[in-house]
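So the chains spell out like this:
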Amino acid sequence: MATTQTSGGNGKQAAATPPPATAREQLASHDPATGEVVGTVPVFSAADVDAAVARARTAAAEWSALSYSEREAELARWRAALAESADELAELIHRENGKPRVEAMIEVYMALSHLNHAAGRAEKALRPHRVSPGLLANFRATISYHPLGVIGVIGPWNYPIFTPMGSIAYALAAGNTVVFKPSELTPLIGAKLGEIAARTIAIPNVLQVVTGAGPTGAALARAAVDKIAFTGSTATGRKVMMAAAERLTPVLMELGGKDPMIVTDDADLDKAAEAAVFGALTNAGQACISVERVYVHEAVYDKFVDKVVGEVRGLKVGGDDGHLGAMTSPQQVKIVEDHLRDAVAHGAKALTGGPDAISGSFIQPTVLVDVTPDMKVIREETFGPVLPIIKVGSTEEAVRASNETTFGLGSSVFAGKSARELADRVRAGMTSVNSVMSFAAITSLPFGGVGDSGFGRIHGDEGMKEFTRTKATAEETFALPINLMTFKLPKGTYERIRGMIKTLYGDSPVAKAQDFLRRLF
Ligand code: NAD
């Protein structure tokens, strides 16, 4: 049962489950476009978080004992209720995050596609399977997957339900219970997920939502959970890892990015320009997998820039029909402005927008040229509606520049025949070929990064297995006359084993035949 009390868009306290006794402080959620209070939620203290984890632990015993199909049926009820509430969910996302309503509705769709996939896929993804026992031919060797127990999920504000659902859906489908801490900027939508789960999933406390800011998240990272799935900035990710280290709690880190796009001289330029504009500016550029830098071959650079500028000039910021909404946080506006001023001060040119085209929480989309690698806009995550375009002399140079970053989350390549091979050379967890961000929409593909972008995977079978403990079972099926796992070894065992080592792994005809057969099959 979710224990978060929320107040709805009319600013009045909605009737919901009473808040925990110790959660007296309230957190207000604001509409970033207008500054209006959308609603309030209680701040969960460390004691409240521990109590939620204890309830989740009790629920885990019952939830994990269900069969896959029973869990799938429970999750299907939650999914259906969320789908029936799609308008309400999209409106809350729009109001708390600032993104246009249509983007909010797409986010609901994407979140539910993962819930649907995870619930239906769990049994197949986690089916125990046999592997070769090697020389222990009298053994049955099996790998099986078991729920970890209670998962702590800490989420960001930029995709307030799609992003956490990438962990929550897979963790629940794998048989765990979840305690979810949404961002303090989007707590109402987080709480709504919990409320709908509480009235649709028959077992109480399978998904609980604990609202609050950093300290509530820190309490969850220190709590007695079996894994923390964190999505947010690299700086906070480091803190979460340090807190989790106290209990040796394993962590999954989905962090920031500085995604490159490469456009070669044989790319479809219309397609590449449209994708670059969408990839950089969707959600006002506040996506971990935003296109943050574009490397374009000099032979097509001028044409590409013209096309991009043409597309960007057709976009509208703000209003009901705007393509870009309000930036979610004033803090993020300051970061974007700082990156733009730094770029311009060091010689970059804004072909649209620019540092002076910022008004409150609205930023005009900015196409930057003449940018250099030392500028903040190339080195750090900008997380705003900014599209820096860099001219390169060759594909080699584009790959080298793409990989010169501490991040490695998403990426995209627009190219002719070389596209697939090029994709493998980009150091990133994910690459879209002749498209942007598509890897995030394919539910069976694993999602995650390398370096400062984090580690571990959500989505797909890999994402499901993240929330399980892998168990290896070796089962003797019949006894062999030779047994090495005993102290009762016959005389001459030392010599026999030495002979075996040389025959199997040395410079012997048997070893060579083995190598040959391995290469064949
Ligand atoms: P953030 O790091 O500021 O906050 C993320 C969450 O951590 C929030 O819920 C916050 O309350 C909580 N938190 C803050 N301090 C904490 C602490 N000490 N211990 C535990 N939790 C704490 O990130 P944000 O600004 O909400 O989100 C934007 C960032 O998230 C960007 O860097 C973006 O790239 C990244 N992101 C990554 C992915 C991904 O999948 N890799 C997806 C979306 C966003």
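So, here is what we can say about the structure in this document. In this text the structure is predicted, and so the values were computed from the model without any measurement.

Glancing now at the sheet that holds strand β18 (residues 432-433). Pairing in this open sheet of 7 strands is mixed, and the strands run β12-β15-β16-β11-β10-β17-β18 from one edge to the other. One side of each edge strand has no neighbouring strand; the edge strands of this open sheet are β12 (349-350) and β18. Where strand β15 (residues 366-369) lies against strand β16 (residues 386-392), 3 bridges are found, and the strand directions are parallel. Bridge pairing links T366 to V386 in β16.

Let's shift gears to the packing of helix α1 (residues 46-65) against helix α7 (residues 214-222). Contact geometry of α1 with α7 gives a least axis separation of 9 Å together with a crossing angle of 45°. When the axis of α1 is compared with that of α7, the two are oblique. Crossing geometry of α1 relative to α7 is assigned as right-handed. The residues of α7 that touch α1, namely those facing A46, V49 and V53, are T216, A219 and L220. Of the residues assigned to the contact of α1 with α7, the class counts are 5 nonpolar, 1 polar and no charged.

This brings us to the site of the ligand. Every one of the 29 residues lining the ligand counts as a neighbour, but G155, K181, E184, S233 and E381 are closest to it. Between the ligand and W157 there is a distance of 2.8 Å, counted from an oxygen atom to a side-chain nitrogen or oxygen. Contact distances for the ligand include 2.7 Å between an oxygen atom and a side-chain N or O atom of T236. Contact with the protein chains hides 89% of the accessible area of the ligand, taken as 840 Å² for the molecule alone. For the ligand, the cavity whose grid points lie within 2 Å of the majority of its atoms is the largest pocket. Within the residue set of the shell around the ligand, elements represented by two or more residues are α7, β8 (227-231) and α8 (234-245).

Conventions we followed
- Residues numbered from 1 in each chain as written.
- Predicted model: local features only at pLDDT ≥ 70, side-chain atom pairs only at ≥ 80, totals over all residues.
- Heavy atoms only, no water.
- Pairing = 2+ DSSP bridges.
- Helix = DSSP H or I, 4+ residues; strand = E, 2+ residues; numbered from the N terminus.
- Axes fitted to C-alpha atoms, helices over the stretch in contact; angles between N-to-C directions.
- Parallel < 35°, antiparallel > 145°, perpendicular 65-115°, else oblique.
- Left-handed = near helix turned anticlockwise from the far one by under 90°.
- Contact = heavy atoms within 4.5 Å.
- Nonpolar A, V, L, I, M, F, W, Y, C, P; charged D, E, K, R; others polar.
- Near = heavy atom within 4 Å.
- Polar contact = N/O pair within 3.5 Å; in protein donor to acceptor, adjacent residues only side chain to side chain.
- Areas by Shrake-Rupley, 256 points an atom, 1.4 Å probe, with all protein chains shown as cover.
- 1 Å grid on protein atoms, 1.4 Å probe; cavity = no way out; pocket = protein on both sides within 12 Å on 5 of 7 lines; lining within 4 Å.
- Sits in = over half its atoms within 2 Å of the grid points.

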